[in-house]
Amino acid sequence: MYDIDFVEFPSSSATASGQFFQKAFGWAATPYGPDYADVQGAGITLGFQADAAEQPEAPLVTIRTDDLHQARRAVEDAGGIVTVEPFDFPGGRRFHFREPGGSELAVWCPAG
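Predicted, not measured: the structure shown is a model, and the values here were computed from it.

Asks: Would you explain the nonpolar core in this entry?
Replies: In a soluble, globular protein the nonpolar side chains are often hidden away together inside. Core analysis: the biggest nonpolar cluster contains ten residues, these being Ile63, Leu68, Ala71, Val75, Val82, Phe95, Phe97, Leu105, Val107 and Cys109. Broken down by secondary-structure element, the contributors of at least two residues to this core are α2 (68–77), β7 (92–98) and β8 (104–110). Not counting residues within four places of it along the chain, the set of residues in contact with Phe97 comprises Ile63, Val75, Ile81, Val82, Thr83, Ser103, Glu104, Leu105, Ala106 and Val107. In this structure, Val7, Phe21, Ala37 and Val39 belong to the second largest nonpolar core, which totals eight residues.

Asks: How do you make sense of the environment of Gln22 when you look at a structure like this?
Replies: Tracing the backbone through its elements, the reader meets Gln22 in helix α1 (residues 14–25). Residues Gln22 and Val39, spaced 17 residues apart in sequence, show a C-alpha to C-alpha distance of 7.7 Å. Excluding anything up to four places from it in sequence, Gln22 contacts Trp27 and Ala29.

About the thresholds
Residues numbered from 1 in each chain as written. Predicted model: local features only at pLDDT ≥ 70, side-chain atom pairs only at ≥ 80, totals over all residues. Heavy atoms only, no water. Core = buried A, V, L, I, M, F, W, Y, C linked by side-chain atoms within 4.5 Å. Buried < 20%, exposed > 50% of the residue type's maximum accessible area, 1.4 Å probe, protein only. Helix = DSSP H or I, 4+ residues; strand = E, 2+ residues; numbered from the N terminus. Contact = heavy atoms within 4.5 Å.

This is the structure we're talking about:
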């Protein structure tokens, strides 16, 4: 299973970004501290990262899978390069990769 279900955006204020989408479109904003917010209700989850050390340079499309190890093998076998080793985050585990054309994406697997 590989589904795009999440896009993470850099933000100067995760709180303000979440509140904007909640107010403008009625989507549910869930803050995870002052530097991160999830926004749901758009058909895809949006994330806003305000921690400068964690921010992607551009929107980061994230692909959901049920087998992170297999996904990594598939990415590497297809010519992708892992740019961020797998790490845990609230809700799961993910890694980042660059595809041959230069775009960076991530693959994540829910916890459990």
